[in-house]
Amino acid sequence: MKQTKQILNTILMLISTICVPATAIASGTEVGDTIRLDLDRTIALARTRSVEASTALNELRTSYWQYRTFRAELLPEITFRATVPSYNRRFSSYQNSDGSYSFVHDDNLYLTGSVSLSQRIWLTGGTVSLTSSLDWRRQLSGIKNNSFMSIPVALTLNQPLFAVNDVKWDRKIEPVRYEEALANFISDTEAVAMTAVNYYFELLLAKEAVACSRQNMNNAEKLLEVAKAKRAMGQISENDLLQIELSLLTARSELIENESTLRSSTFQLASFLGFDDSRPIELEMPGRLSEKPVVYAEALDYAMQNNAFSKNIRRRQLEADYDVAKAKGDMKQINLIAQIGYTGTDRDISDAYRNLRDNRVVEIGVAIPILDWGKRRAAVKVAESRRELTENTLRKESMDFNRNLFVLVERFNNQKEQLRLADRASEIATRRYETNVETFMVGRISTLDLNDSQESKDSARRKDINELFYYWYYYYQLRNITLWDFENARPIEADIEEILKN
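What comes next concerns the included structure. (Residues numbered from 1 in each chain as written. Predicted model: local features only at pLDDT ≥ 70, side-chain atom pairs only at ≥ 80, totals over all residues. Heavy atoms only, no water.)

A count of helical and extended segments in the chain gives 11 helices and 10 strands. When each of the 502 residues of the chain is scored for burial, the buried share is 37%. Contacts spanning at least 24 positions in sequence make up 78% of the contacts within the chain whose residues lie at least 6 apart. (Helix = DSSP H or I, 4+ residues; strand = E, 2+ residues; numbered from the N terminus. Buried < 20%, exposed > 50% of the residue type's maximum accessible area, 1.4 Å probe, protein only. Contact = heavy atoms within 4.5 Å.)

Right, dumping it as structure tokens:
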């Protein structure tokens, strides 16, 4: 009787310590400094320190300078051209008055320079330029002398008459392309946030798995001691005792595996955030947003206003229209070149700017195919077919975009209820496991029922965290598509000029 009483006291003592929460078992003092993060800070660090964020910024810089180049091409351009010097010492053929040829010796030094101001004409697509130039030639053998030719001013127009106006189309396409790049940059930063959410919850799940495994192992060790005591009193069978011992071995194996996963997940998040040390990372469990649901019609309106997809559709439609216009313009080519100005020549540079004479050039170049076997007409048909194909593709992509957004809105709105159910299921599974542990102590349930309640508890806890992960992942996916901050009811914007300065 005395031995039986001691065994019962041991069982009661183990009952008081066996149902300790996983978080309490997992807590402890870390050795060295610890990186403490919440979800908001993790996302903020990812947007500034991750490789993905740097890539997005580099792509933005490229698009920014491409747009600056386009804007600069619309402005006047001043160009200086010079040949300093050109030296010639050679024999050249010369035709005499009787039709015969002779060779003459040429030995001269030649310098030339010009300054021109040119401007593309937005309305017509031509180019107008204002030029001033001076040429100097020095004969080095024979009768040595200098000669100058000046063009104080010359106004030149180069105008294609039927070709496509590239300037007009560039002014339509390039601003849309730049708006698309800006929207892509903001979307990329939201994609970085989605990746941060993914890594954050992977580490949370890994920590929870380790905590559960450690709790299960500790519980299995205590249950094994209880089972041995009960076996000594003949209250359980040898099979139940072996089953509990097997559960202990399984728990130890799972703990080793989960600790390895934890180290891997810690390294993954640290690398993503740019931490180059091996300090442990402590995470806070994220909260929830307001319960206000997202309305699909509003989300679609935000997406059409802000998302790069709407700009992408517009740009591709414009490019298809441009290809058709260019193909039609290439069917006949007429180019007008007109120049008016003054010129003067003399052996003295000052006299070369006196007694100026008119300098006029009018030239019309025509290239009209007489027989091209339908090549240019076929090019027009190809461009028109491609435009029609693009229109059909864009319609399909728009339908897919709208459908995917609708599904995402539904999932996010439903996720709030899924999360509430998962919270309740985890709470019930934990209470059931604790009750089953106590019931097992008094011999009313088998080890199979106890193991089943343990697996249900662990599964419910993992599902609870998974549902919270989907909740935040869907939220940032909505932000990524709509570029709208639903929590603060404002568009997601960025100061591009300030970002590019940094």
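Take unusual backbone geometry next. Glycine aside, residues mostly have negative phi angles, and peptide bonds mostly take the trans form. With an omega of -5°, the peptide bond between V84 and P85 qualifies as cis. Within the element layout of this structure, P85 appears in strand β2 (residues 77-95). One non-glycine residue with positive phi stands out, namely L483, at about 50°. Along the chain, L483 falls in the loop between α10 (447-482) and β9 (484-485). A positive phi is found at A489, a non-glycine position, where the angle reads about 55°.

On to helix α6 (residues 238-272). If you check α6, its first and last C-alpha atoms are 51 Å apart, about what 35 residues at 1.5 Å a residue would give, namely 51 Å. Two residues or fewer past α6, G274 is found with a positive phi of approximately 85°. (Expected span 1.5 Å × (residues − 1).)

A few words on the side chain of S426. The residue S426 is located in helix α9 (residues 375-441) in this model. Ignoring anything within four residues of it in the chain, the contact list for S426 reads A460, R461 and D464.

Quick look at the environment of Y178 now. Its place among the elements puts Y178 in helix α5 (residues 166-232). Y178 gets classed as buried once you look at its relative accessible area, which sits at 14%. Separated by 114 residues in sequence, Y178 and Y64 place their C-alpha atoms 7.2 Å apart. Every residue in contact with Y178, bar those within four places of it in the chain, is listed here: S63, Y64, Y67 and I496.

A few words on the packing of α5 against α6. Any two packed helices are characterised by how steeply their axes cross, that is the angle between the axes, and by the distance between the axes. Taken N-terminus to C-terminus, the directions of α5 and α6 make an angle of 160°; their axes are 7 Å apart at the nearest point. On the basis of their axis angle, the class for α5 and α6 is roughly antiparallel. Crossing handedness for the pair α5 and α6: left-handed. Taken together, the residues of the contact of α5 with α6 sort by class into 21 nonpolar, nine polar and 11 charged. (Axes fitted to C-alpha atoms, helices over the stretch in contact; angles between N-to-C directions. Parallel < 35°, antiparallel > 145°, perpendicular 65-115°, else oblique. Left-handed = near helix turned anticlockwise from the far one by under 90°. Nonpolar A, V, L, I, M, F, W, Y, C, P; charged D, E, K, R; others polar.)

Now for the pairing of strand β5 (residues 146-160). Where strand β4 (residues 127-139) lies against β5, 11 bridges are found, and the strand directions are antiparallel. Within β5, the residue paired with L130 across the bridge is L155. Counting the residues in the hairpin turn of β4 and β5 gives six residues, including G142, whose phi is positive at 75°. The pairing of β5 with strand β7 (residues 333-346) spans 11 bridges and is classified as antiparallel. Each residue of the ladder has a partner; that of S150, found in β7, is G344. (Pairing = 2+ DSSP bridges.)

Turning our eyes to something else, we now look at helix α4 (residues 51-73). A rise of 1.5 Å per residue sets the reference length of α4, with its 23 residues, at 33 Å; its end C-alpha atoms lie 33 Å apart and thus fit the reference within 8%. For α4, the full list of buried residues reads A53, A56, L57, L60, S63, Y64, Y67 and F70. Those residues of α4 hidden inside the fold are in contact with α3 (39-49), α5 and α11 (496-501).

Relative to the helices and strands, Y433 resides in helix α9. Judged by relative accessible area, which is 2%, Y433 ranks as buried. Residues Y433 and D449, spaced 16 residues apart in sequence, show a C-alpha to C-alpha distance of 9.5 Å. Excluding residues that lie within four positions of it along the chain, Y433 makes contacts with N216, N219, L450, S453, Q454 and K457.

Okay, the layout of surface pockets next. Counted as a void, the second largest pocket has a volume near 450 Å³. Around the second largest pocket, the lining is made up of 24 residues, and of these N216, E254, Q454, E455 and D458 lie nearest the centre. At the level of elements, α5, α6 and α10 are the ones that each hand at least two residues to the lining of the second largest pocket. In the lining of the second largest pocket, the residues fall into nine nonpolar, 11 polar and four charged. (1 Å grid on protein atoms, 1.4 Å probe; cavity = no way out; pocket = protein on both sides within 12 Å on 5 of 7 lines; lining within 4 Å. Points joined across faces, edges and corners; volume = space filled by probe spheres on them.)

A surface patch of nonpolar side chains, about 910 Å² in accessible area, is lined by I78, F80, V115, L117, L130, V153, L155, I340, Y342 and L356. Residue placement: L117 occurs in strand β3 (residues 101-120). (Patch = residues over 30% accessible without salt bridge, like charges linked within 9 Å, V, L, I, M, F, W, Y side chains within 5 Å. Areas by Shrake-Rupley, 256 points an atom, 1.4 Å probe, with all protein chains shown as cover. Salt bridge = Lys/Arg side-chain N within 4 Å of Asp/Glu carboxyl O.)

A general trend in soluble globular proteins is that nonpolar side chains are found buried together. Within the largest apolar cluster, 63 residues are counted, with the highest numbers of intra-cluster contacts made by F201 and W472. Per-element accounting of this core gives the leading share, 17 residues, to α5. Formed by 18 residues, the second largest nonpolar core is a distinct cluster that contains Y67, V167, L182 and L483. (Core = buried A, V, L, I, M, F, W, Y, C linked by side-chain atoms within 4.5 Å.)

The next subject is the pattern of salt bridges. Tallied over the full model, the rule gives 23 salt bridges. Among the ionic pairs, E180 bridges to R315, the shortest N-O distance being 2.6 Å. A residue pair is termed long-range when its members are at least 10 positions apart, and E180 in helix α5 and R315 in helix α8 (residues 308-329) qualify at 135 residues. In this structure, E180 and R315 share a single accessibility class: buried.

Note that every value here comes from positions in space, so none of it alone points to a role or purpose.
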